[in-house]
Amino acid sequence: MLSKAKIEQELNNLDITPPKIIFYNETDSTNTKAKEYAKENPNSNSPVVFIANSQTKGRGRRGRSFVSKKGAGIYISILTYPKEQGADVTAQTARAAVILSRAIEALCDCDIKIKWVNDLYLQGKKIAGILTEGEINENGKIAYQIVGMGINVYKSAISDEIATIATSLECELKCAPDRSKLAARIIKEFLTEDKDYYTEYKSRSFIIGKNVTVLKLSESYDAKVIDINNDFSLKIETPRGEENLFTGEVSLEV
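These figures come from a predicted structure and were not determined experimentally.

Before going further, it helps to examine the overall build of the protein chain. Looking only at helices and strands, the protein chain features six helices and twelve strands. Once the C-alpha set of the protein chain is aligned to its principal axes, its extents read approximately 55 × 50 × 30 Å. A total of 254 residues make up the protein chain; the buried ones form 49% of that total. Long-range contacts, defined here as pairs at least 24 residues apart, represent 63% of the contacts in the protein chain between residues at least 6 apart. Only carbon and sulfur atoms are counted for the fraction: they give 47% of the accessible area of the protein chain, which is about 12300 Å². Between the mean site of the 35 positive side-chain charges and the mean site of the 35 negative ones, the protein chain shows a separation of 3 Å.

In structure tokens form, the structure reads like this:
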């Protein structure tokens, strides 16, 4: 069972002092709750973890919903007040993808892959998603940053409507890790300083060399992925020539 007390105990077992954790049996969205907290506590500088057993209005990128069934997954948002003002959303999302991959593999015998920029895959299907948000203050600096993560743990997380494209740890591994232990691992990895995650992110990518469709707010077009740059932008080849993709998303051509 997922609980604040168990997560804190697991963090103690990992020799990590638990940060402030706000736990909900059910909430609208942990990212929304983190955003509300940040606005109410603008002078804070310590990380705060928001975690829920279920969400009624879980959100993904591009305004999509993220299905967050009760007791089926881990829905966690980590609020920070970055001291480094150069950290951008793409890089922080990439770091979270590596963190999630490491945490899952620490408890499960599996090989997690990453689809640029924010989706984790297992056996060719989506296993987790990331939504990074933040706010710039009047001085042009990052006031706060929120990294929201949703991981499908149990079979019940996957409905028939998404079974062809999404999966869970239980579906693929025939067993599932204790959610409190996995949540603690995620928090531990997140709070551990590691600025050298580019190489690992790139090695986990499965889209380099693939033909994709680029999806942006106002357009979509076909391209081939050439590489992932060290700023985590995507180097692509289009009919217009080579370009670097900083925002948007890609879908693999079937």
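Now, onward.
Under the criterion given, the structure shown has one cavity of 30 Å³ or more. Here the largest cavity defines a volume of roughly 40 Å³. What lines the largest cavity is simply Arg 95, Val 98, Ile 99, Arg 102, Glu 189, Thr 192, Asp 194 and Tyr 197. A total of four residues in the lining of the largest cavity trace back to one element, the largest contributor, which is helix H3 (residues 89–107). In terms of residue class, the lining of the largest cavity is built from three nonpolar, one polar and four charged.

Let us now look at H3. Over its 19 residues, H3 extends 28 Å from the first C-alpha to the last, a length consistent with the 27 Å expected when each residue adds 1.5 Å. Among the 19 residues that make up H3, 14 are buried, leaving the element largely enclosed by the rest of the structure.

Strand pairs in the sheet, formed through backbone hydrogen bonds, run parallel or antiparallel to each other. One open sheet holds the seven strands; their spatial order is S1-S2-S3-S7-S6-S5-S4, and the pairing between them is mixed. If you trace the sheet from one side to the other, it starts and ends with strand S1 (20–24) and strand S4 (113–115), each paired once. Between one strand axis and the next, the sheet turns through 20 degrees on average, direction left out of account. Lying on the sheet, H3 is in contact with S4, strand S5 (119–122), strand S6 (125–136) and strand S7 (142–152); it crosses S6 at an angle near 140 degrees.

Attention shifts here to the packing of helix H1 (residues 4–13) against helix H5 (residues 179–191). Running from N to C, H1 and H5 point in directions that differ by 55 degrees, and their axes come no closer than 8 Å. Classified by the interaxial angle, the pair formed by H1 and H5 is oblique. Our pair here, H1 against H5, has a crossing hand that is right-handed. Taken together, the residues of H5 that come into contact with H1 (itself represented by Lys 6, Ile 7, Glu 10 and Leu 11) are Ser 180, Lys 181, Ala 183, Ala 184, Ile 187 and Lys 188. Taken together, the residues that form the contact of H1 with H5 break down as five nonpolar, one polar and four charged.

All told, the structure shown has five aromatic pairs when counted by the stated rule. Aromatic pair Tyr 37 and Phe 50: ring centres 5.6 Å apart, planes at 70 degrees, arrangement edge-to-face. Placement of the pair is Tyr 37 in helix H2 (residues 30–40) and Phe 50 in strand S2 (residues 48–52), with a sequence separation of 13 residues. An identical accessibility class is assigned to Tyr 37 and Phe 50; each is buried. With 5.1 Å between their ring centres and 55 degrees between their planes, Tyr 121 and Phe 206 make a pair best called tilted. Of this pair, Tyr 121 sits in strand S5 while Phe 206 sits in the loop between helix H6 (198–204) and strand S8 (211–215); the two residues are 85 residues apart in sequence, bridging distant segments of the chain. You can call Tyr 121 buried: its relative accessible area is 16%. For Phe 206, a relative accessible area of 21% puts it in the partly exposed group. The ring of Phe 190 is capped by Arg 95, whose NZ or CZ atom sits 5.0 Å from the centre of that ring. A cation over a ring is seen here: Arg 240 above Tyr 221, with NZ or CZ 4.8 Å from the ring centre.

This part is about the sheet that holds strand S12 (residues 249–252). With antiparallel pairing, the five strands of this open sheet are ordered in space as S11-S10-S9-S8-S12. Taken across any chain shown, the strands that pair with only one partner, and hence form the sheet edges, are strand S11 (241–245) and S12. Along the sheet, successive strands turn relative to each other by an average axial angle of 45 degrees, direction set aside. Two strands pair when backbone bridges link them, and S8 and strand S9 (residues 220–228) are joined in this way by five bridges, in the antiparallel orientation. Within the sheet, the bridge partner assigned to Leu 215 lies in S9 and is Ser 220.

Rules and cut-offs
Residues numbered from 1 in each chain as written. Predicted model: local features only at pLDDT ≥ 70, side-chain atom pairs only at ≥ 80, totals over all residues. Heavy atoms only, no water. Helix = DSSP H or I, 4+ residues; strand = E, 2+ residues; numbered from the N terminus. Buried < 20%, exposed > 50% of the residue type's maximum accessible area, 1.4 Å probe, protein only. Contact = heavy atoms within 4.5 Å. Areas by Shrake-Rupley, 256 points an atom, 1.4 Å probe, with all protein chains shown as cover. Lys, Arg positive; Asp, Glu negative; His and termini not counted. Charge placed at Lys NZ, Arg CZ, Asp CG, Glu CD. 1 Å grid on protein atoms, 1.4 Å probe; cavity = no way out; pocket = protein on both sides within 12 Å on 5 of 7 lines; lining within 4 Å. Points joined across faces, edges and corners; volume = space filled by probe spheres on them. Nonpolar A, V, L, I, M, F, W, Y, C, P; charged D, E, K, R; others polar. Expected span 1.5 Å × (residues − 1). Pairing = 2+ DSSP bridges. Axes fitted to C-alpha atoms, helices over the stretch in contact; angles between N-to-C directions. Parallel < 35°, antiparallel > 145°, perpendicular 65-115°, else oblique. Left-handed = near helix turned anticlockwise from the far one by under 90°. Phe/Tyr/Trp six-rings, centres within 6.5 Å; stacked < 30°, edge-to-face > 60°. Lys NZ or Arg CZ within 6 Å of the ring centre and 35° of its normal.

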